[in-house]
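The lines below spell out each chain.
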Amino acid sequence: NKVFVTATVEERYKQPGNFEVRISEIFLLAETMSKLAKSVTVNVDLEEIDDGLISLLDNTARENNGNCTLQFKVRDEENDDMLTMRTMDIKVDPRSFIHDLMKRSRLTCSIN
């Protein structure tokens, strides 16, 4: 198994040139995205939004419950505008949500 380690490296007190590593967190690498991600942002063009897309997003989000906020960035290329919206009651597991969404659509996502 591979692990993700968060640590600090500091010079030892009154020992110049001698460093100490202090481990603060250890996660399995497979669980890192779910533990450290704060939100998932789905990028959507305004022209692509229809009932089918809304249904797809709703079903995918509900099937992949987690603890990350779900956001949408809606682009209107015609007016050169962008709107960011956040869901209030739906939180997702970033790894499984993105994986399922990529299998079902051409939308792009980012993790914050």
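Structure: above.
A brief report on the enclosed structure follows. The model shown is predicted, which means the values in this text are computed figures rather than measured ones. (Residues numbered from 1 in each chain as written. Predicted model: local features only at pLDDT ≥ 70, side-chain atom pairs only at ≥ 80, totals over all residues. Heavy atoms only, no water.)

### Overview of the side chain of Thr-87
Following the sequence through the fold, Thr-87 ends up in strand β5 (residues 81-92). For Thr-87, a relative accessible area of 16% corresponds to the buried category. Here the side chain of Thr-87 touches Ile-90 through a polar contact of 2.9 Å, landing on its backbone oxygen. If we skip the residues at most four places from it in the chain, Thr-87 touches Thr-69, Leu-70 and Phe-72. (Helix = DSSP H or I, 4+ residues; strand = E, 2+ residues; numbered from the N terminus. Buried < 20%, exposed > 50% of the residue type's maximum accessible area, 1.4 Å probe, protein only. Polar contact = N/O pair within 3.5 Å; in protein donor to acceptor, adjacent residues only side chain to side chain. Contact = heavy atoms within 4.5 Å.)

### A word on a negative patch on the surface
Together, Glu-47, Glu-48, Asp-50, Asp-51, Glu-77, Glu-78, Asp-80 and Asp-81 give the surface a local cluster of negative charge. One can find Glu-48 in the loop between β3 (39-45) and α2 (51-63). (Patch = residues over 30% accessible without salt bridge, like charges linked within 9 Å, V, L, I, M, F, W, Y side chains within 5 Å. Areas by Shrake-Rupley, 256 points an atom, 1.4 Å probe, with all protein chains shown as cover. Salt bridge = Lys/Arg side-chain N within 4 Å of Asp/Glu carboxyl O. Lys, Arg positive; Asp, Glu negative; His and termini not counted. Charge placed at Lys NZ, Arg CZ, Asp CG, Glu CD.)

### Overview of the pattern of salt bridges
Per the stated rule, a full pass over the model turns up four salt bridges. Put simply, Asp-45 and Arg-75 hold a salt bridge, and the shortest N to O gap is 2.9 Å. Here Arg-75 lies in strand β4 (residues 65-76) and Asp-45 lies in strand β3, a separation of 30 residues in the sequence. Owing to a relative accessible area of 25%, Arg-75 belongs among the partly exposed residues under this scheme. A salt bridge links Glu-63 to Arg-104; the nearest nitrogen and oxygen atoms lie 2.8 Å apart. Of this pair, Glu-63 sits in helix α2 while Arg-104 sits in helix α3 (residues 94-104), and the two are 41 residues apart along the sequence. Among the residues examined, Arg-104 registers a relative accessible area of 40% and is labelled partly exposed.

### A short note on α3
For α3, the full list of buried residues reads Pro-94, Phe-97, Ile-98, Asp-100 and Leu-101. Projection of α3 onto a plane perpendicular to its axis shows the buried side chains occupying an angular sector of 165°, all on one side. In the core, the buried residues of α3 are packed alongside α1 (32-36), β3, α2, β4, β5 and β6 (108-111). (Arc of directions from axis to C-beta.)

### Examining the layout of surface pockets
Reported here for the largest pocket is a volume of approximately 200 Å³. Forming the boundary of the largest pocket are 13 residues, of which Leu-53, Ile-54, Leu-57, Asp-58 and Phe-72 lie nearest the centre. Mapped by element, the contributors of at least two residues to the lining of the largest pocket are α2, β4 and β5. Counting residues per element, the lining of the largest pocket draws most heavily on α2, at five residues. Tallied by class, residues from the lining of the largest pocket come to eleven nonpolar, one polar and one charged. Roughly 170 Å³ of volume is contained in the second largest pocket. Around the second largest pocket sit Asn-43, Val-44, Asp-45, Glu-48, Leu-53, Arg-75, Ser-105, Arg-106, Leu-107 and Thr-108, which together line it. In terms of residue count, β3 provides more of the lining of the second largest pocket than any other element does, three residues in total. For the lining of the second largest pocket, a count of residues per class yields three nonpolar, three polar and four charged. (1 Å grid on protein atoms, 1.4 Å probe; cavity = no way out; pocket = protein on both sides within 12 Å on 5 of 7 lines; lining within 4 Å. Points joined across faces, edges and corners; volume = space filled by probe spheres on them. Nonpolar A, V, L, I, M, F, W, Y, C, P; charged D, E, K, R; others polar.)

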